[in-house]
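Working through the structure, step by step
As a plain string of letters, each chain reads:
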Amino acid sequence: MRTKWQMIKRLLFATCCFGLYFVLSTAAISLYGPFENIRSTIVGMVLTSRHPFVITPFFSKETLAKYQPVGLDQMDRGTDTAGNFSDISDEGIEEIPIKTAKFTGTMLVVKDPKRVHVGVTKHLNHVGQTVSEMVKDANAVAGVNAGGFFDKEGLGTGGIPMGLTISRGSYVSGDKKALQPVIGMTSKGALVVGKYTYDELERMGIKDAISFGPELVKDGKPYLKESSGSWGIAPRTAIGQREDGAILLLAISGRGNNGIGATLLDIQNIMLEQGAVIAANLDGGYSTELYYQGKFLVPPSNPLGERYVATSFLVDGVKKQ
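For the structure given in this document, a descriptive report is provided here. (Residues numbered from 1 in each chain as written. Predicted model: local features only at pLDDT ≥ 70, side-chain atom pairs only at ≥ 80, totals over all residues. Heavy atoms only, no water.)

Moving on: the sheet that holds strand β13 (residues 221–222). As summarised here, the arrangement of the seven strands in space is β1-β2-β15-β14-β16-β12-β13, forming an open sheet in which the pairing is antiparallel. A single partner strand is all that each edge strand has here, and the edge strands are β1 (93–99) and β13. As defined by bridge partners, strand β12 (residues 215–218) adjoins strand β16 (residues 276–282) across three bridges and the pair is classed as antiparallel. Within β16, the position partnered with Glu 215 by the bridge is Ala 280. (Pairing = 2+ DSSP bridges. Helix = DSSP H or I, 4+ residues; strand = E, 2+ residues; numbered from the N terminus.)

Now the structure itself:
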């Protein structure tokens, strides 16, 4: 009996050693091997996570600079002109499934852009809310996560929005004097992406805005280049607008939940394929989700469920006559 037990222990020890060797050798090949695409994807993904310090001990400052991802503020100085979609009264919302070998997702096409607003946690500066809660509180029909938030002590409470935040015409938070990356909606239904000050947004009639990025599509053309720093593969959320005014809300699954995820260039390409003339990246990762008519079209990849976030883009319901 003792001899049999000793054999089992040796087998378990050998299995653990082989598993450890496999993990370490795979990591070494991925980070230091000849596969540049794999290395840039992994390093970029970690650098854009909430724990970038994990990767820093393994590379020099020069090497990390090479893989430094494109910044959230990678967008042009905003202009004072925007489209006018005041006359649109189409109540339609279209669901477009997105499916590739690498990821799946859904795009909502909201025909009337004036229905799209920024939702903000009702516990501002304390704790966030889930997107589904914001949708229900606003009697909306749909919602996606929007901007980033400051994560005090890594607790993920989501109560403090990042940058400028405006909701339904009211200032919520952020530096009013600084030039910041903005994704916003005018009172006439135009999506605006660029760097603005608060005073400039007021003069333009921006009624809803958050700070995030980078820009993805400008004037119907791709904004990011193949050489732009990688953000790796992860769940993604984005917003865009077609020439006819329709707002495009996109969410892509990842991290083993219906796919491994998408890069920024993947999201940019989807927006272009769906006719976006302007588009920008929103917060992604565990924050990504798309909630519509009481269910998740794209559920959160977070194993703990919906994340508490500071802001969302909501689609108002249609008032019955």
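This part is about the nonpolar core. If you look at the biggest cluster of nonpolar residues, it comprises 27 residues, and the most contacted ones within it are Ile 183, Leu 191, Ile 210, Ile 239, Ile 247, Leu 249 and Phe 313. Excluding its chain neighbours within four sequence positions, the residues that come into contact with Phe 313 are Val 116, His 117, Val 118, Ala 142, Gly 143, Val 144, Ala 146, Ile 183, Ile 210, Ile 239, Leu 249 and Leu 282. With 23 residues, the next largest nonpolar core counts Ile 98, Phe 103, Leu 250 and Ile 270 among its residues. (Core = buried A, V, L, I, M, F, W, Y, C linked by side-chain atoms within 4.5 Å. Buried < 20%, exposed > 50% of the residue type's maximum accessible area, 1.4 Å probe, protein only. Contact = heavy atoms within 4.5 Å.)

Looking now at the pattern of salt bridges. One pass over the structure, following the stated rule, counts eight salt bridges. The partner of Arg 77 in a salt bridge is Glu 200, and the shortest N-O contact between them spans 2.6 Å. Here Arg 77 is found in the loop between α3 (61–66) and β1, whereas its partner Glu 200 is found in helix α5 (residues 198–204), with 123 residues between them in sequence. Relative accessible area serves as the criterion here: at 44%, Arg 77 is assigned to the partly exposed category. (Salt bridge = Lys/Arg side-chain N within 4 Å of Asp/Glu carboxyl O.)

This part covers the packing of aromatic side chains. Taken as a whole and assessed by the stated rule, the structure comprises two aromatic pairs. Taking 5.4 Å as the distance between ring centres and 75° as the angle between the ring planes, the aromatic pair formed by Tyr 171 and Tyr 198 counts as edge-to-face. Of this pair, Tyr 171 sits in strand β8 (residues 170–173) while Tyr 198 is found in helix α5, placing the two residues 27 residues apart along the sequence. Accessibility expressed as a relative area gives 33% for Tyr 171, which makes it partly exposed. Judged by its relative accessible area of 8%, Tyr 198 is buried. An angle of 65° between the planes, with centres 5.1 Å apart, marks the rings of Tyr 291 and Phe 296 as edge-to-face. Classification of Phe 296 by relative accessible area gives partly exposed; the value is 34%. Lying over the aromatic face of Tyr 286, Arg 255 brings its terminal NZ or CZ to 4.6 Å of the ring centre. (Phe/Tyr/Trp six-rings, centres within 6.5 Å; stacked < 30°, edge-to-face > 60°. Lys NZ or Arg CZ within 6 Å of the ring centre and 35° of its normal.)

Attention now moves to helix α6 (residues 264–273). Of all the positions in α6, only Leu 264, Asp 266, Ile 267, Gln 268, Ile 270 and Met 271 are classed as buried. Gly 275 occupies a position one or two residues after α6 and carries a positive phi of about 90°.

On to the pairing of strand β19 (residues 311–316), then. When you tally the buried positions in β19, you get six out of six residues, the bulk of the element. Judged by which residues are buried, β19 turns out to be covered on both faces: Thr 311, Phe 313 and Val 315 on one side and Ser 312, Leu 314 and Asp 316 on the other are all buried. Across five bridges, strand β3 (residues 116–120) lies against β19 in antiparallel orientation. Directly across from Val 116, in β19, lies its bridge partner Val 315. Pairing of strand β4 (residues 140–145) with β19 involves five bridges; the strand directions are antiparallel. Residue Val 144 lies in a different strand from β19, and its bridge partner there is Phe 313.

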